[in-house]
Amino acid sequence: MLSYKHGYHAGNQADVLKHICLIQAYKSLKKHHKSIIYIDTHAGSGDYNFKSDYMSKNKEYENGISKLENYKYENQSIKYYLKVLKNINNSKKMTFYPGSPSIMSFLSGNDDKLYFYELHNNEFQLLRKYLSKQINSKTLNKNGFEFTLQKINSKVKTLVLIDPSYEMKDDFDKVVSTLRMLDENYENITAVIWYPVLNIENNDLFIENIRKIGSNRITRIELPLKKYNDEIGMKGSGIILFNGSNFLIKNMKDCIKELYQIFKDENCNIKPKIQRI
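Residues numbered from 1 in each chain as written. Predicted model: local features only at pLDDT ≥ 70, side-chain atom pairs only at ≥ 80, totals over all residues. Heavy atoms only, no water.

> Describe the overall build of the chain, naming the residues involved and giving the relevant values.
Scanning the chain from terminus to terminus reveals nine helices and 10 strands. For the chain, the C-alpha atoms occupy an extent of roughly 45 × 45 × 35 Å along the three principal directions. Here the chain holds 277 residues, and 53% of them are scored as buried. A separation threshold of at least 6 residues defines the contact pool for the chain, and within that pool the share at least 24 residues apart is 75%. Per element, the accessible surface of the chain, about 13600 Å² overall, is 46% carbon and sulfur. Taking the average place of the 42 positive charges on the side chains of the chain and the average place of its 31 negative ones, the gap between the two points comes to 7 Å. (Helix = DSSP H or I, 4+ residues; strand = E, 2+ residues; numbered from the N terminus. Buried < 20%, exposed > 50% of the residue type's maximum accessible area, 1.4 Å probe, protein only. Contact = heavy atoms within 4.5 Å. Areas by Shrake-Rupley, 256 points an atom, 1.4 Å probe, with all protein chains shown as cover. Lys, Arg positive; Asp, Glu negative; His and termini not counted. Charge placed at Lys NZ, Arg CZ, Asp CG, Glu CD.)

> Can you tell me about helix α6 (residues 121-130), naming the residues and giving the values?
Residues of α6 that are buried include every one of E123, F124 and L127, and no others. Considered in projection along α6, the buried side chains sweep an arc of 100° and stay on one side of the axis. Residues of α6 that are exposed and point over 90 degrees away from its buried face: N122 and K129. Buried residues in α6 make contact with α5 (100-107), β4 (113-117) and β5 (137-140). (Arc of directions from axis to C-beta.)

> Account for the pairing of strand β6 (residues 158-162), naming residues and giving values.
Counting buried residues along β6, five of its five residues qualify, which places the element largely inside the surrounding structure. Bridging between β6 and strand β7 (residues 189-197) involves five bridges; their strand directions are parallel. Bridge pairing links L161 to V192 in β7. (Pairing = 2+ DSSP bridges.)

> Requested: an account of unusual backbone geometry, with residues and values cited.
Trans is the prevailing form of peptide bonds, just as negative phi is the prevailing case for residues other than glycine. At K59, a position not held by glycine, the phi torsion is positive, near 50°. Looking at where K59 falls in the secondary structure, it is placed in the loop between α2 (53-58) and α3 (65-68). Overall, K59 belongs to the partly exposed group, its relative accessible area being 37%. Located in the positive-phi region is N90, a residue other than glycine, with phi close to 55°. With respect to the element layout, N90 can be found in the loop between α4 (76-89) and β3 (96-98). The class for N90 is exposed, based on a relative accessible area of 71%.

> Tell me about the sheet that holds strand β1 (residues 37-40), and please be specific about residues and values.
The strand order across the open sheet built from eight strands is β5-β4-β1-β6-β7-β9-β8-β10, with neighbouring strands paired in mixed fashion. If you trace the sheet from one side to the other, it starts and ends with β5 and β10 (273-276), each paired once. When strand polarity is set aside, the average angle formed by the axes of neighbouring strands in this sheet is 15°. Of the pairings in the sheet, the one linking β4 to β5 comprises four bridges and is parallel in character. Bridge assignment links Y117 to a residue of β5, and that residue is L140. Running at roughly 160° to β7, helix α8 (residues 200-211) makes contact with β7, β8 (218-224) and β9 (236-242) of the sheet. The strands touched by helix α9 (residues 246-263) within the sheet are β8, β9 and β10, with β8 carrying the most contacts at an inclination of about 10°. (Axes fitted to C-alpha atoms, helices over the stretch in contact; angles between N-to-C directions.)

> Explain the packing of aromatic side chains to me, using residue names and the numbers behind them.
Counting across every chain of the model gives seven aromatic pairs. Ring geometry for Y71 against Y73: centres 5.6 Å apart, planes inclined by 65°, an arrangement best described as edge-to-face. Between Y166 and F172, the ring centres sit 4.5 Å apart and the planes meet at 45°, which makes this aromatic pair tilted. Residue classification places Y166 among the buried residues on the basis of a relative accessible area of 0%. You can call F172 buried: its relative accessible area is 17%. If you follow K18 out to its NZ or CZ, it ends over the ring of W194, 5.8 Å from the centre. Across the ring face of Y80, the terminal group of K27 is positioned such that the distance to the ring centre comes to 4.2 Å. (Phe/Tyr/Trp six-rings, centres within 6.5 Å; stacked < 30°, edge-to-face > 60°. Lys NZ or Arg CZ within 6 Å of the ring centre and 35° of its normal.)

Structure (structure tokens):
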């Protein structure tokens, strides 16, 4: 389905959506909590150079971050996201795209505790090297879906990013199972879960399975880019928010409309969605 090496896709529209939401989720939690725990279940290698073989092959970033880099409008979530990326690059012109470990390491305070899971050995070695000087981080060469097996302090607000490759078809099922487990057992966790829209039938089934959980704490954010049909390829992507604050949901509602206008193809016949499931 999708390439495991995230470098092929780094900086594309899906990364833009995911990282804007992640940054806003962190900001919303830090408004009320001095320290949080952050868990990244599929962290990748840390950052991605635009001139690398992976990013150069498909150049997906050209229809993603490159379309936003000179953003001149007023959406504050987009503007702050770009400010973070440029500060990480330490330059007005970006030479690499920061992954979620890079973004969260930059944003976090010393009181926060960050856990990065990465099962792929090569990616894990790069990630561990990248975070070697980060005093509040821990890298784990394990399956990120098993994050609940670690002892999560129920008194500390926790933010989880769940971002599998979806190369394995059961990743969708694992997401649903994880959401059900979170809803049944955790009051103090906020989760940001990214998913691809590959075809309308499977996407409807995925959303319906989430709806069957029967939770009132789940919000769907979906950014369509192309006409939903049976052709091979990603038609868009979405975020499942668990325990998202009203502040976060409002910010994403304003943001998603603008991203849709910037990124959608002319033949796209589906409107963006943000709704409680």
